Amino acid sequence: MAQLGVQLYRETFSCSICLDLLKDPVTVPCGHSYCRDCIKTHWDAEDRNRLSSNSCPQCRQTFDTRPVLVKNTMLADLVEELKKTGVQAAPADHCYAGPEDVACDFCTGRKLKAIKSCLQCVASYCEEHLQPHYELPVFKKHKLVEPSKKLQENDTVSAAAESTERQRELEGSRLNIQQRITDVEKDVKVLQQEVEAINGSADKAVEHSEKTFAEMIQQVRSKQKTEVSRVRDLQEKLEQEITELKRRDAELKTLAQNEDHNQFLHDYRSLSALSESTHSSSINIRPLRYFEDVTAAVSEAREKLQDVLKETWTNISWTNISLTETPVDVSLPQPEPKTRADFLRYSRDITLDPNTAFTYLLLSKGNRKATYMTKSQSYPNHPDRFTNWPQVLSKESLTGCCYWEVKWRGPAVLREGGVVNIAVSYKNISRACSNSKEGGFGLDDKSWALQCDPDSYRFSHENVDTDVSGPVSSRIGVYLDHSAGVLSFYSVSGTMTLLHRVQTTFTQPLHAGVYLWEMGDTAEFSKLK
């Protein structure tokens, strides 16, 4: 009978939010009961996160206005009686995690057993903390597996999922190669036209000079042969490059069609790097009159013609048609690092640009830390300065693979408060905006921002917000693979937990930045090397 009473207590007289005995019980309009403080805290959090306001945590019914909370006196009396019996409001012992069990990463105090692990969050959840994965759209594509103690050590992506991502990378590499083939083929055509121009000009010069200056003809033909040979050599190299690119494209196409995921990954990792082009994607040629000076001088003395020929070939530098090196990056994208040590291999030293800082932001000596002050700073006028938003950009432009970390916190008197946006942005983001949807990090298509507050995250781009789940940390890691279009944010504590990843195409170099919301907020770029 005592066991029955305990079970009845657990089902009826415990708060589903704190899982403890009801304290000052109140009942909401749908009929469910909670501790007064628990339901108020729940609704306050919904207001801050702009979720459906004033909802019941159990049945999810929403109320147009926040209901007036009235004490449930019957429940209060029953709870008082139960307190006198000494029965404790807690889950059954078998629900708690033992030494051999996987514990929930989000329970405080004594942890409950985890019922699932999430490969994307790299975390394990009990039944209560798992509910957002079933209910919120942002978690729809997360892969749940049986609880695992070695979640951090396991591969977080299955062979099939990794194969799919590598297929996308191969497709991007093939597009780059095909574009490079097109560009080099244009170079070959231009060089062919150059050969024709040289031959035509030489023929005309020889035609006018043949009878009078026989020995000069030999010089002209010799120069013609030399210059044609140079162009032919360059043309041959480019044609060889086209052949190599087409061979690599066919190789990648065959690899992309391999449906055996494990074999595909093995072959993919064995691919050799594609050699860089030694030529540009365009040839800068100005019109040259190769032998017309000879034609113009044919009526003059032989000595003058010799001088003209010598001067002509001194002034007509072959650099006029040489290829300026601007290599095209068609290398295969690099897999994202897994451990913090791997990320630190790509660490970048980030400093803030005082010329971009909002006037109420104070930069530290060394320009690594920004603090939102109560008084305006004496910065000089500068066209790069943000005038509407409390934010600042880095001096360094970021391309390739980069990693950096930002430490943030709220005002010293409210250590649990404060909101900071950790962002990347193009340099040409608006400085003095005319409306509320320009210039602020995350509000337009020129910037991407992770908003950090004491109990949640939110990602913003083009003024679209996405709620982000993960352990709250005062240190955020940012990984950028510019050529692959990958931007990832990590919570950094004892381990690194992926918070949000962006897959896009970056059209310009990026700059790191921070946006401070409240007086006293600080953000500091860590010195990792």
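What you see is a predicted model; the values in this text were computed from it and never measured.

A. Structural context of the overall build of the protein chain. Within the protein chain, the secondary structure is distributed over 10 helices and 18 strands. Looking at the 529 residues of the protein chain, the share that counts as buried comes to 42%. Sequence-distant contacts in the protein chain: of pairs separated by 6 or more residues, those separated by 24 or more amount to 63%.

B. Focus on the sheet that holds strand β6 (residues 361-363). Spatially, β6-β7-β18-β9-β14-β15-β16 is the arrangement adopted by the 7 strands of the open sheet, whose pairing is antiparallel. Each edge of the open sheet is held by one strand with a lone partner, namely β6 and β16 (496-503). Averaged over all pairs of adjacent strands, the angle between their axes in this sheet comes to 20°, without regard to strand direction. Note: strand β7 (residues 369-372) against strand β18 (residues 522-525), 3 bridges, orientation antiparallel. Each residue of the ladder has a partner; that of Lys369, found in β18, is Glu524.

C. Just the pairing of strand β12 (residues 456-461), in detail. In terms of residue burial, β12 counts as a mostly covered element, since 6 of its 6 residues are buried. Residues Ser456, Arg458 and Ser460 point to one face of β12 and Tyr457, Phe459 and His461 to the other, with burial holding for every one of them. With 5 bridges joining them, strand β11 (residues 447-453) and β12 adopt antiparallel strand pairing. In the sheet register, Cys452 faces β12, and the bridge partner there is Tyr457. Joining the antiparallel neighbours β11 and β12 is a turn of 2 residues. Alignment of β12 against strand β13 (residues 464-468), held across 5 bridges, turns out to be antiparallel. In the sheet register, Tyr457 faces β13, and the bridge partner there is Val468. Counted between consecutive antiparallel strands, the loop separating β12 from β13 contains 2 residues, among which Glu462 sits at a positive phi close to 55°.

D. The state of the cysteines, seen in detail. For the coordinates displayed, the defined rule picks out 0 disulfides. Not part of a disulfide, Cys56 finds its nearest cysteine sulfur in Cys30, a span of 3.5 Å. Classification of Cys56 by relative accessible area gives buried; the value is 0%. Considering cysteine sulfurs only, Cys121 is the nearest to Cys118, which forms no disulfide, with 3.6 Å between them. A relative accessible area of 0% places Cys118 in the buried class.

Conventions used here
- Residues numbered from 1 in each chain as written.
- Predicted model: local features only at pLDDT ≥ 70, side-chain atom pairs only at ≥ 80, totals over all residues.
- Heavy atoms only, no water.
- Helix = DSSP H or I, 4+ residues; strand = E, 2+ residues; numbered from the N terminus.
- Buried < 20%, exposed > 50% of the residue type's maximum accessible area, 1.4 Å probe, protein only.
- Contact = heavy atoms within 4.5 Å.
- Pairing = 2+ DSSP bridges.
- Axes fitted to C-alpha atoms, helices over the stretch in contact; angles between N-to-C directions.
- Disulfide = S-S within 2.5 Å.

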